[in-house]
Amino acid sequence: MLTLASKLKRDDGGKTGRASGASDSTHRISIRDRLLTKEVAELEAHLPSTCKASFPDEDKLHHFQLAVSPDEGYYQSGRFQFEIDVPEAYNMVPPKVRCLTRIWHPNITENGEICLSLLREHSIDGTGWAPTRTLKDVIWGLNSLFTDLLNFDDPLNIDAAEHHLRDKEDFRNKVQDYIKRSAR
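Note that the structure is a prediction, hence the values are computed from the model and not measured.

Let's talk about the overall build of the chain
Step number 1: If you tally the helices and strands in the chain, you get five helices and four strands.
Step number 2: Going from the N terminus to the C terminus, the chain shows its helices and strands as α-α-β-β-β-β-α-α-α.
Step number 3: Across the 184 residues that make up the chain, the buried fraction comes to 41%.
Step number 4: The contacts of the chain with a sequence gap of at least 6 include a subset with a gap of at least 24, amounting to 57%.
Step number 5: When the accessible surface of the chain is split by element, carbon and sulfur atoms take 48% of a total near 10,100 Å².

Things to note about the sheet that holds strand E4 (residues 96-99)
Step number 1: Spatial strand order, E1-E2-E3-E4: four strands in an open sheet with antiparallel pairing. In this open sheet, the two strands that pair with only one neighbour each are strand E1 (51-54) and E4. Each strand of the sheet is rotated relative to its neighbour by a mean of 20°, with strand direction disregarded.
Step number 2: Helix H3 (residues 135-144) contacts E1, strand E2 (63-68), strand E3 (80-85) and E4 of the sheet and is inclined by roughly 35° relative to E2.

Side note on the packing of aromatic side chains
Step number 1: Under the definition given, this model contains ten aromatic pairs.
Step number 2: Between Tyr74 and Phe171, the aromatic rings sit 5.1 Å apart at their centres with planes inclined by 85°, giving edge-to-face as the arrangement. You can see Tyr74 sitting in the loop between E2 and E3 and its partner Phe171 sitting in helix H5 (residues 168-182), a full 97 residues away along the chain.
Step number 3: Tyr74 sits in the buried class, given a relative accessible area of 15%.
Step number 4: The class for Phe171 is buried, based on a relative accessible area of 0%.
Step number 5: On the numbers, 5.4 Å between centres and 70° between planes, the contact of Tyr75 with Phe146 is edge-to-face. Pair noted here: Tyr75 is in the loop between E2 and E3 and Phe146 is in the loop between H3 and helix H4 (158-166), with a separation of 71 residues, a long-range link.
Step number 6: With a relative accessible area of 1%, Tyr75 lands in the buried category.
Step number 7: Residue Phe146 is classed as buried on the basis of its relative accessible area of 2%.

Focus: the packing of H4 against H5
Step number 1: Two elements in contact, H4 and H5, have axes separated by 5 Å at closest approach and are oriented at 135°. Considered as vectors, H4 and H5 are oriented oblique to each other. Between H4 and H5, the contacting residues are Ala160, His163, His164 and Arg166 on the first element and Lys168, Asp170, Phe171 and Lys174 on the second.

Description of the pattern of salt bridges
Step number 1: If you walk through the whole model with that rule in mind, you get six salt bridges.
Step number 2: A salt bridge links Arg98 to Glu83, with the nearest nitrogen and oxygen atoms 3.8 Å apart. Here Arg98 is found in strand E4, whereas its partner Glu83 is found in strand E3, with 15 residues between them in sequence.
Step number 3: The class of Arg98 is partly exposed, set by a relative accessible area of 39%.
Step number 4: Judged by its relative accessible area of 19%, Glu83 falls in the buried class.
Step number 5: The salt bridge involving Asp177 is made with Arg181; its shortest N-O contact spans 3.0 Å. Of this pair, Asp177 and Arg181 both sit in helix H5, four residues apart, which is roughly one turn of that helix.
Step number 6: Three or more residues are tied together by salt bridges with common partners; here these are Arg32, Asp33 and Glu88.

Calculation rules
Residues numbered from 1 in each chain as written. Predicted model: local features only at pLDDT ≥ 70, side-chain atom pairs only at ≥ 80, totals over all residues. Heavy atoms only, no water. Helix = DSSP H or I, 4+ residues; strand = E, 2+ residues; numbered from the N terminus. Buried < 20%, exposed > 50% of the residue type's maximum accessible area, 1.4 Å probe, protein only. Contact = heavy atoms within 4.5 Å. Areas by Shrake-Rupley, 256 points an atom, 1.4 Å probe, with all protein chains shown as cover. Pairing = 2+ DSSP bridges. Axes fitted to C-alpha atoms, helices over the stretch in contact; angles between N-to-C directions. Phe/Tyr/Trp six-rings, centres within 6.5 Å; stacked < 30°, edge-to-face > 60°. Parallel < 35°, antiparallel > 145°, perpendicular 65-115°, else oblique. Salt bridge = Lys/Arg side-chain N within 4 Å of Asp/Glu carboxyl O.

Now the structure itself:
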């Protein structure tokens, strides 16, 4: 599946025939792409059962989509799509993640912005992005937004959090309405 890995092998094989001082910037593979080749291979072996990653262009591992289908809680039976872009400065900066599915969630706005501490480049509480984090951490974090990381006390979507505090049953009904309209 990982065509970038074969590309890396091909490119490395082609360099052996060159003079030792020759350099061709068109054949250089970025640190990000080398890390992603390894991380994506590991990710495929350790993906949560409720998640599925898809790569529209398998030569561009830095841009992919993730589908999360929670099997418990308020969001059970929904299928939520996320777009993940890994910047060139990765792993020094976190991936950019956006929810493509319209959702009623305290930590995700209706425009797709996400409040997840590990996606923050600078975090006061020390749980933000660090170079030791990987795509696996990001995916497990996104998956957990629908279960144990569902946070009504520090919301990004204040209206959704207040709705939950006012009337939990009506909140559940609105979540189900969003799922029926947008997350199937």
